[in-house]
Amino acid sequence: MAGISCGLVGLPNVGKSTLFNAITNAGVEAANYPFCTIDPNVGVVKVPDSRVDRLCEIEEPDKKIYATIEFVDIAGLVKGASKGEGKGNQFLEHIHHVDLIVHVVRCFDNDQVVHVDGAVDPVRDIETINLELILADLDYCDRAIKRLSKKARSGDKQVAKTCEVLTRVSEHLGQEKSARSLELSDEDKIAVRDYRFLTSKNIIYAANVGDDDLPDMDNDHVKGVRTLAGKSGDLVVPISALIEEEVAQLDKVDAKEFLVELGLKESGLDRLIRTSYSSLGLMTFLTSGKQEVRAWTIHKGTKGPKAAAVIHTDFEKGYIRAEIIPFEAIDKYGGKKGAREAGLLRIEGKDYIMQDGDVTEFRVST
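Worth saying up front: this structure is predicted, and the values here are computed from it rather than measured.

Participant: Is there a simple way to think about the overall build of the protein chain in this case?
Facilitator: In terms of regular secondary structure, the protein chain is built from 14 helices and 12 strands. Buried residues in the protein chain amount to 51% of all 366 residues. For the protein chain, restricting intrachain contacts to residue pairs at least 6 apart in sequence, the fraction spanning at least 24 positions comes to 69%. Summed over its atoms, the accessible surface of the protein chain is roughly 18500 Å², and 48% of this surface lies on carbon and sulfur atoms.

Printed below as a string of structure tokens:
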């Protein structure tokens, strides 16, 4: 499937670029003043998966390929961004192109790091950004209605339906509510499927805490973010961007020891990456052999032929069956041979819904 992208957004000086450095280990400059990031920086990162590592121990393949996610570091937004403040129109356009918004929120106090609004208040910061996204969507929606209205009056039923749904979206946005909180029927969704509303995207709040909040990563600021996010069913991942940037500079062994010293079971970035992956309704199936061990990204609920098409588009048309062994069976019996001998190989047809961790070999006609 096409690459998945997550946009890092937030006010200036909340730790976005520092977090991006840690995510990608790309060394992107993180300056302590607003608007230091004009063009978005992009980095592709691996989705942590111990199953890939274990299969590589067994197969000793030539290549190891993890599933990946693209992270986009979008410049800091400010109040008035929807009207062009701080080059906001340009930055908002970048958000249109991502699948998921990771809203980085400052949850630490530090007099040496200037806050654009003078004081740390993550709930206010979230409301500022969310309102700008709503206002941008409202303007986008109203312009679309104006553009389509003449054609709708001419009797085009499909366009008239689109206008009707867009009008409801506009009224909802006008109440300062996100597009994704508006209940739409399947027919309604089809009518406006070509319209990319910023506020229709899922959001994860990355609550950036200070190192003095470790290992619990909890404080009054984070509690406030959790309360606000809970109202809309959004996820919160507490993380210390500065610590993660340090971890990113270490090799695996040293990084693990460092995290243990801090009282942390795993990297906050690993949690953020996995949460981003699952928030989009994604999962992986695996292929395993001497040439390569690979994790493939599909949406939950994908059937066998569509999953095969991720490997090669021709595989969907020529799909015959899938030979599947659960990863747990391969892990338990030390390889595919042992799992087969234990009777754990399954043959699945075209209606089979793929499961996360299926180690799969597709049979297709050529």
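Participant: What exactly am I supposed to notice about unusual backbone geometry here?
Facilitator: Trans is the prevailing form of peptide bonds, just as negative phi is the prevailing case for residues other than glycine. The step from L214 to P215 runs through a cis peptide bond, and the omega angle for that step is 0°. With respect to the helices and strands, P215 occurs in the loop between β6 (202-208) and α7 (220-232). Although it is not a glycine, E60 adopts a positive phi angle of roughly 50°.

Participant: Looking at this model, I keep getting lost on the state of the cysteines. Mind explaining?
Facilitator: Covalent bonding between the sulfur atoms of two cysteines defines a disulfide. Taken as a whole and assessed by the stated rule, the structure comprises 0 disulfides. C163 carries a free sulfur, and the closest cysteine sulfur to it, the one in C141, is 9.4 Å from it.

Participant: Is there a simple way to explain the pattern of salt bridges in this structure?
Facilitator: Opposite charge on two side chains allows them to pair when their charged atoms are near. Applying the stated criterion across every chain, the model contains 22 salt bridges. Notably, a salt bridge pairs D356 with R51, separated by 3.1 Å at the nearest N-O pair. Highlighted residues: D356 in the loop between β11 (346-348) and β12 (358-364) and R51 in helix α2 (residues 50-59), separated in sequence by 305 residues. Note that R54 and E57 form a salt bridge whose closest N and O atoms lie 3.2 Å from each other.

Participant: Just to check I follow, could you spell out the pairing of strand β10 (residues 319-326) for this structure?
Facilitator: Every regular strand shows the same layout, with side chains that alternate between the two sheet faces. Pairing geometry for β10 and β12, over 7 bridges, is antiparallel. Note on β12: the bridge partner recorded for Y319 is V364. As paired strands, β10 and β11 are joined by 3 bridges and run antiparallel to one another. Looking at the pairing, E323 lines up with I347 of β11.

Participant: How should I be thinking about the pairing of strand β8 (residues 282-288) in this particular structure?
Facilitator: The element β8 is extensively covered by neighbouring structure, given that 7 of its 7 residues are classed as buried. Examined bridge by bridge, β8 and strand β9 (residues 292-299) share 7 bridges and lie antiparallel to one another. Bridge pairing in β9 links L282 to H299. Counted between consecutive antiparallel strands, the loop separating β8 from β9 contains 3 residues.

Participant: Sorry, what's going on with the confidence of the model for the protein chain here?
Facilitator: When pLDDT drops low, the exact placement of atoms in the prediction is not to be read closely. Taken as a whole, the protein chain shows an average pLDDT of 88; of its residues, 90% reach a score of 70 or greater. Low pLDDT, under 50, characterises residues 26-38; the predicted model gives this stretch 30 contacts beyond four residues in sequence or across chains. A low-confidence stretch, residues 84-88 (pLDDT under 50), is modelled with 10 contacts involving residues beyond four sequence positions or located in other chains.

Participant: Looking at this structure, I do not really get the nonpolar core. What am I missing?
Facilitator: Counting 73 residues, the largest nonpolar core has L19, F71 and I95 as its most contacted members. L19 has contacts with L8, V104, A206, I239, A241, L269 and L272, leaving out every residue within four places of it along the chain. Grouped together as the second largest cluster of nonpolar side chains are 20 residues, I134, L166, L173 and Y195 included.

Participant: Would you mind showing me how to read helix α11 (residues 304-311) here?
Facilitator: Each turn of an α-helix holds 3.6 residues, which means side chains three or four residues apart point in the same direction. Within the sequence span of α11, burial applies to G304, P305, A307, A308 and A309. Where α11 is buried, its residues touch β8, β9, α12 (314-317), β10 and β12.

Participant: Before we go on, may I ask you to explain the environment of H103 in this structure?
Facilitator: Positionally, H103 belongs in strand β5 (residues 100-106). Taking the C-alpha atoms as reference points, H103 and Y205, 102 residues apart in sequence, are found 4.8 Å from one another. Apart from residues no more than four positions distant in its own chain, H103 is found in contact with V9, G10, D125, I126, I129, N130, I203, I204, Y205 and A206.

Calculation notes
Residues numbered from 1 in each chain as written. Predicted model: local features only at pLDDT ≥ 70, side-chain atom pairs only at ≥ 80, totals over all residues. Heavy atoms only, no water. Helix = DSSP H or I, 4+ residues; strand = E, 2+ residues; numbered from the N terminus. Buried < 20%, exposed > 50% of the residue type's maximum accessible area, 1.4 Å probe, protein only. Contact = heavy atoms within 4.5 Å. Areas by Shrake-Rupley, 256 points an atom, 1.4 Å probe, with all protein chains shown as cover. Disulfide = S-S within 2.5 Å. Salt bridge = Lys/Arg side-chain N within 4 Å of Asp/Glu carboxyl O. Pairing = 2+ DSSP bridges. pLDDT = per-residue confidence, 0-100. Core = buried A, V, L, I, M, F, W, Y, C linked by side-chain atoms within 4.5 Å.

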